[in-house]
Amino acid sequence: MFCYQCEQTAGGEGCKRVGVCGKDDETATLQDCLIDGLKHLSKALRPLYESGKRNTDAEDILMEALFATLTNTNFDPSRIERYIREVEELTAKVSDGGIKWSPGTNREELLKRGRETSIERRIERLGVDVVGLQETVVYGLKGVAAYVYHARKLGKDDADIYRFTVRALARLADEPTDIEELYNLAMDCGRANLNAMRILDAGNTERFGDPTPTQVDVGAKAGKALLVSGHDLADLELILKQAAAHKINVYTHGEMLPAHGYPKLREHKNLVGHWGTAWHNQRMEFEAFKGAIVLTTNCLVPPKESYKGRVFTCGTVGYRGVTHIEGEDFGAAVKVALDAEGFAEDAVQRKLTVGFGRKTLIDALPRVLDAVKSGKIRRIYLVGGCDGAKSTRSYYTEFVEALPPDTLILTLGCGKYRINHLDLGEVAGFPRLLDAGQCNDAYAAIILADTAAKTLSVSVNDLPLSIVLSWFEQKAVAILLSLLALGVRNIRLGPSLPAFLTPALISVLAERHDIKPIGKVAEDIAATLDGC
C-alpha cells in the first residue's frame with residue numbers, strides 16, 4: 001500500500017505497510033481499485049452529463065463510494081469490495097461499449113488492479129508533482145462527496161456538483177500531466193465544494209432551524225446512555241426519536257457537539273449533553289462511556305475489544321467485526337444501550353457554548369464592524385479545522401492563548417477542542433471565542449467574510465481577518481480549495497503541510513495565494529496583526 005491522503009501519514013511521506021489510521025494493506029489497496037473504478041465510471045458517464053442529463057444511480061454510488069474512502073471512515077474490505085462490484089456493474093450498464101472496466105473476478109485480482117493503479121505506480125510513470133496535484137483533486141472530491149452525502153439525506157441537491165465530479169474524475173482517468181490544467185481543476189473543485197457546503201447549510205437549517213447560542217453540559221447524566229459521533233444530524237434526529245421511547249439519554253461526541261445549537265434538535269429532551277473531545281481520543285472516551293455508541297460518519301478509530309461490542313456503524317462507516325446498521329432502524333443500538341450499565345449519577349464536568357451559526361453571525365455583524373471601527377476589536381481570527389493526535393497541534397492552543405485581548409476568535413470543526421476549554425473572556429460585549437459549528441460550517445465563515453467585505457466596500461483580503469487552519473483529512477482539503485478558489489490569501493496551514501503537495505506545488509500555491517505553513521507563535525501573531 002501507499003497512502004498519503006491525511007496529515008498524520010507516516011514520516012510525513014506516506015504509509016506503506018499499514019496506515020497510521022489503522023487501515024491495513026488489503027483495505028487500502030481495494031480503495032485504490034475503487035477510485036480507479038470511479039474514474040472509469042465517470043468516463044463512461046461523461047457524454048451523458050455533457051448533454052445536460054443525469055443518472056441518479058451513478059450519483060448515489062459516486063458520492064457514497066468517494067466518502068467511504070475518506071480517512072477513518074471505512075476499514076471493512078468486504079464493504080469496499082461491494083462498492084467495487086456496484087461500480088463495475090454500473091459502468092457496464094451506462095457505457096456505450098467504448099469504456100470497459102473489469103477489475104477481476106475475485107479479491108486477489110481486485111488487489112492486483114489496485115496495486116497497478118496505486119499512487120506509487122503512477123508516480124513512477126508521471127512524476128511526483130503531477131500525481132500530487134491529481135491526488136489533490138481526488139482528495140478535494142472526497143470532501144465534496146462527504147458534504148453532498150449529508151445534504152442528500154436532508155433532501156438537498158445540486159446538479160452542477162455531479163456534473164463537475166463526473167468531469168473531474170473522467171479527466172483524471174485520462175491521466176493529464178499539464179500542471180496548469182490540474183491546478184485549474186483543483187480550483188474548480190473548490191468552487192464545487194462551496195456549493196456542497198451551501199446545500200448542506202440549507203438542509204441543516206431548514207430541517208433543524210438556524211443555530212443559536214446555547215450552553216451544553218459536558219459529562220454524564222444519570223440513566224441509560226447512547227453516544228452519537230460523526231457529523232450526520234439526520235441520523236442523530238432518528239436516534240433521538242427512537243431512544244426517547246425507552247427514556248435513553250443521548251449524548252453527542254466530537255463534531256456532533258454543534259448539534260446542540262439547532263433549536264429543533266434541542267426540542268428533544270433526551271439530548272442531554274456532550275461526552276468527550278475530539279475523534280482521536282475516542283479509544284479512551286468510548287471505553288469510559290457506559291452505553292451504546294453509534295458512528296454516523298468519520299472519524300472512526302479502530303475500537304478496543306473492551307467496548308467493540310457496544311459500537312455500531314451506519315452509512316459509509318465500516319469496520320470488521322463491528323455491527324453495521326443498514327437503513328434507519330437503530331433498534332440494535334437502543335437495545336445495547338438498555339442492556340448496558342448506564343450512568344448511576346450526574347457528573348457534569350463543565351459547560352461549552354455553541355450555536356454561533358451563519359444567521360447569528362450575520363445578525364451580529366453590524367455590531368462587530370462598529371467595534372472594529374471604534375478600535376475595540378483590533379482583529380478577527382478564524383482558528384479551526386481538523387484536530388489530530390500530533391503534539392505539534394499544541395500550536396493552536398498556544399496561539400489563541402497569546403492573542404491580544406482586543407481580538408475576536410471564530411472556530412469550527414474538531415480543531416475547536418484545542419481551544420474551547422480556554423476562558424478567553426469577552427471583547428466589545430461578545431464572547432471572545434465563537435463556535436461556528438462543524439467543519440462544513442466554514443460556509444458560515446465565508447458568507448460572514450463576504451458580507452463584511454461588501455459592507456465595507458473592500459476585498460476579503462483587506463478585512464482585519466486572519467485565517468489559521470489545522471488540517472487532517474480530505475474535507476479540510478476541499479475547504480482549503482474553496483478558500484483558494486475565492487481568492488483568499490495569507491492563509492496559515494498546519495501543523496504540517498500535505499505530503500502530496502511537493503515543494504514545487506507548494507511554491508506555486510505560495511506564489512499565487514500567499515499560503516504559508518504555521519511557524520513560531522509569537523512571530524505568526526506579530527505578522528498577522530500587521531496584516532500579513
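Keep in mind it's a predicted model, so treat the numbers as computed, not measured.

### Let's talk about the overall build of the chain
Within the chain one finds 19 helices and 16 strands. Relative to the globule expectation of 24 Å for 532 residues, the C-alpha radius of gyration of the chain, 22 Å, shows essentially globular dimensions. Along the longest, intermediate and shortest principal axes, the C-alpha atoms of the chain span 65 × 60 × 45 Å. The burial tally for the chain puts 61% of its 532 residues in the buried class. Expressed as a percentage of contacts within the chain between residues at least 6 apart in sequence, the contacts between residues at least 24 apart total 74%. Surface exposure of the chain reaches about 19,900 Å², of which carbon and sulfur atoms provide 50%. Between the averaged position of the 65 positive side-chain charges in the chain and that of its 71 negative side-chain charges there is a distance of 1 Å.

### Digging into the pairing of strand β5 (residues 292-295)
The alternating pattern of β5 places A292 and V294 and I293 and L295 on opposite faces, both of which are buried. Pairing of strand β2 (residues 225-229) with β5, which is carried by four bridges, proceeds in the parallel orientation. In the strand pairing of β5, V228 is matched with V294. Taken together, the three bridges between β5 and strand β6 (residues 311-314) define a ladder with parallel strand orientation. Opposite L295, over in β6, you have T313 as the bridge partner.

### Overview of the packing of helix α15 (residues 394-402) against helix α19 (residues 521-529)
α19 packs onto α15 with a crossing angle of 50 degrees between their chain directions and a minimal axis gap of 10 Å. Relative to α19, the element α15 lies oblique. As α15 packs across α19, the resulting crossing turns out to be right-handed. Counting all contacts with α15, which are made through Y395, E398, F399 and A402, the residues of α19 involved are V521, D524, I525 and T528. Its residues placed into classes, the contact of α15 with α19 shows five nonpolar, one polar and two charged.

### What about the nonpolar core?
L38, L226, L265 and I491 are the most contacted members of the largest nonpolar core, which totals 142 residues. Apart from residues lying up to four places away in sequence, L265 is in contact with F208, L233, L236, E237, L240, A259 and L271. The next biggest cluster of nonpolar side chains, apart from the first, holds 19 residues, and it includes C21, F75, W275 and V311.

### Let's talk about helix α7 (residues 159-173)
Taking 1.5 Å of rise per residue, 15 residues should cover 21 Å, and α7 covers 21 Å from first to last C-alpha, within 8% of that figure. For α7, the set of buried residues is I161, Y162, F164, T165, V166, A168, L169, A170 and L172. The N-cap residue of α7 is D158: its side-chain oxygen and the backbone nitrogen of D160 are 2.8 Å apart. Immediately downstream of α7, the backbone of E175 shows phi near 55 degrees, a positive value.

### Points about the sheet that holds strand β14 (residues 465-470)
Reading across from one edge, β13-β10-β9-β14-β15-β16 is the order of the six strands in this open sheet, with parallel pairing throughout. Across the chains shown, the open sheet's two edge strands, defined by having one partner strand only, are β13 (433-435) and β16 (516-517). Relative to β14, strand β9 (residues 379-385) runs parallel, the two sharing six bridges. The residue of β14 that forms the bridge with I380 is L465. With respect to the sheet, α19 is in contact with β9, β10 (407-411), β14 and β15 (492-494), its orientation differing from that of β9 by roughly 130 degrees.

### Some words on the packing of aromatic side chains
Using the criterion set out here, one finds 17 aromatic pairs in the structure. Look at F286 and Y307: their rings are 6.0 Å apart centre to centre, the planes differ by 85 degrees, and that puts the pair in the edge-to-face class. Here F286 is found in helix α11 (residues 282-288), whereas its partner Y307 is found in helix α12 (residues 305-308), with 21 residues between them in sequence. For the pair shown, F286 and Y307 are each scored as buried. Within the aromatic cluster, the residues linked to one another by ring pairs are F2, Y4, Y139, W471 and F500.

### Digging into the pattern of salt bridges
On inspection of all chains with the given rule, the structure shows 45 salt bridges. A salt bridge links R198 to D158, with the shortest nitrogen-to-oxygen separation between them at 2.6 Å. Residue R198 is found in helix α8 (residues 179-208), and its partner D158 is found in the loop between α6 (128-153) and α7; the two are separated by 40 residues along the sequence. Taking the shortest distance from any N to any O, the salt bridge between R358 and D210 comes out at 3.9 Å.

### Some remarks on helix α4 (residues 107-116)
Taken together, the buried positions of α4 are L110, L111 and G114. Angular distribution of buried residues about the axis of α4 spans 100 degrees; they occupy a single face of the element. Turned more than 90 degrees from where α4 packs its buried face, E108 and K112 sit exposed. Where α4 is buried, its residues touch α1 (25-50) and α3 (77-94).

Cut-off values and rules
- Residues numbered from 1 in each chain as written.
- Predicted model: local features only at pLDDT ≥ 70, side-chain atom pairs only at ≥ 80, totals over all residues.
- Heavy atoms only, no water.
- Helix = DSSP H or I, 4+ residues; strand = E, 2+ residues; numbered from the N terminus.
- Rg over C-alpha atoms; globule rule 2.2 N^0.38 Å.
- Buried < 20%, exposed > 50% of the residue type's maximum accessible area, 1.4 Å probe, protein only.
- Contact = heavy atoms within 4.5 Å.
- Areas by Shrake-Rupley, 256 points an atom, 1.4 Å probe, with all protein chains shown as cover.
- Lys, Arg positive; Asp, Glu negative; His and termini not counted.
- Charge placed at Lys NZ, Arg CZ, Asp CG, Glu CD.
- Pairing = 2+ DSSP bridges.
- Axes fitted to C-alpha atoms, helices over the stretch in contact; angles between N-to-C directions.
- Parallel < 35°, antiparallel > 145°, perpendicular 65-115°, else oblique.
- Left-handed = near helix turned anticlockwise from the far one by under 90°.
- Nonpolar A, V, L, I, M, F, W, Y, C, P; charged D, E, K, R; others polar.
- Core = buried A, V, L, I, M, F, W, Y, C linked by side-chain atoms within 4.5 Å.
- Expected span 1.5 Å × (residues − 1).
- Polar contact = N/O pair within 3.5 Å; in protein donor to acceptor, adjacent residues only side chain to side chain.
- Phe/Tyr/Trp six-rings, centres within 6.5 Å; stacked < 30°, edge-to-face > 60°.
- Salt bridge = Lys/Arg side-chain N within 4 Å of Asp/Glu carboxyl O.
- Arc of directions from axis to C-beta.

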